[in-house]
Amino acid sequence: METVSTCTPLTITAMCVERYVAICMPLRHSAISTTSRTLTVILIIWIISSIKPFMDVFILVATVSQEYFLEPTFCYYEIMTPEQWHRTMRVKLKIELNLWSGFL
């Protein structure tokens, strides 16, 4: 779910850039916005959006015992961060990414 929630604003931004190019540079639009570039941008967006959730799953698998996976629980994202340091690092990373994206 986090991949999709991160992917959505990036996809909308890419669509806005494509429309900007179409409006401001109509004669060069067909040369700039090709199918291969579009697919490359979509792939890059999905890869960037998948990094954080993948790292969370990797840290979870590496740090918890096997009994943790056998316990019946409700499925929500915070269950994947049982360690306090992991939650703290997620918050710090989220703040840094928000600050970094604010400068763009």
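Values in this document were obtained by computation on a predicted structure and should not be read as measured data. (Residues numbered from 1 in each chain as written. Predicted model: local features only at pLDDT ≥ 70, side-chain atom pairs only at ≥ 80, totals over all residues. Heavy atoms only, no water.)

### Some details on the overall build of the chain
So, point 1. Each helix and strand in the chain was counted, giving five helices and zero strands.
So, point 2. Listing the helices and strands of the chain from first to last along the sequence gives α-α-α-α-α.
So, point 3. Taking 104 residues into account, the globule formula puts the C-alpha radius of gyration at 13 Å, and the chain, at 19 Å, lies well above it.
So, point 4. Here the C-alpha coordinates of the chain stretch approximately 60 × 25 × 20 Å along the principal axes.
So, point 5. When each of the 104 residues of the chain is scored for burial, the buried share is 16%.
So, point 6. Contacts spanning at least 24 positions in sequence make up 53% of the contacts within the chain whose residues lie at least 6 apart.
So, point 7. A total of about 8400 Å² of accessible surface is found on the chain, and carbon and sulfur atoms cover 72% of it.
So, point 8. Side chains of the chain give 8 positive and 8 negative charges; the mean places of these two sets differ by 15 Å. (Helix = DSSP H or I, 4+ residues; strand = E, 2+ residues; numbered from the N terminus. Rg over C-alpha atoms; globule rule 2.2 N^0.38 Å. Buried < 20%, exposed > 50% of the residue type's maximum accessible area, 1.4 Å probe, protein only. Contact = heavy atoms within 4.5 Å. Areas by Shrake-Rupley, 256 points an atom, 1.4 Å probe, with all protein chains shown as cover. Lys, Arg positive; Asp, Glu negative; His and termini not counted. Charge placed at Lys NZ, Arg CZ, Asp CG, Glu CD.)

### Here we look at helix α3 (residues 35-63)
Three or four residues apart is the spacing at which side chains of an α-helix point the same way, because the helix has 3.6 residues per turn.
So, point 1. When the terminal C-alpha atoms of α3 are compared, their 42 Å separation across 29 residues agrees well with the 42 Å that a helix rising 1.5 Å per residue should span.
So, point 2. The complete set of buried residues in α3 reads Ile45, Ser49, Lys52, Pro53, Asp56, Ile59 and Leu60. (Expected span 1.5 Å × (residues − 1).)

### Details of the pattern of salt bridges
So, point 1. Within this structure, the stated rule accounts for one salt bridge.
So, point 2. Two residues, Glu18 and Arg19, come together in a salt bridge whose shortest N-O distance is 2.8 Å.
So, point 3. With relative accessibility at 25%, the residue Glu18 sits in the partly exposed group. (Salt bridge = Lys/Arg side-chain N within 4 Å of Asp/Glu carboxyl O.)

### Remarks on a nonpolar patch on the surface
So, point 1. A cluster of nonpolar side chains, namely Leu43, Ile47, Ile51, Phe54, Met55 and Phe58, defines an oily patch on the protein surface of about 630 Å² accessible area.
So, point 2. When you line up the elements, Met55 lands in helix α3.
So, point 3. Given a relative accessible area of 38%, Met55 falls into the partly exposed group. (Patch = residues over 30% accessible without salt bridge, like charges linked within 9 Å, V, L, I, M, F, W, Y side chains within 5 Å.)

### Comments concerning the state of the cysteines
So, point 1. The full count for this structure, using the stated rule, is zero disulfides.
So, point 2. Here Cys7 is not cross-linked by a disulfide; its sulfur's nearest cysteine counterpart is in Cys16, at 14 Å.
So, point 3. As a non-bridged cysteine, Cys24 has Cys16 as the owner of its nearest cysteine sulfur, 12 Å distant.
So, point 4. You can call Cys24 partly exposed: its relative accessible area is 45%. (Disulfide = S-S within 2.5 Å.)

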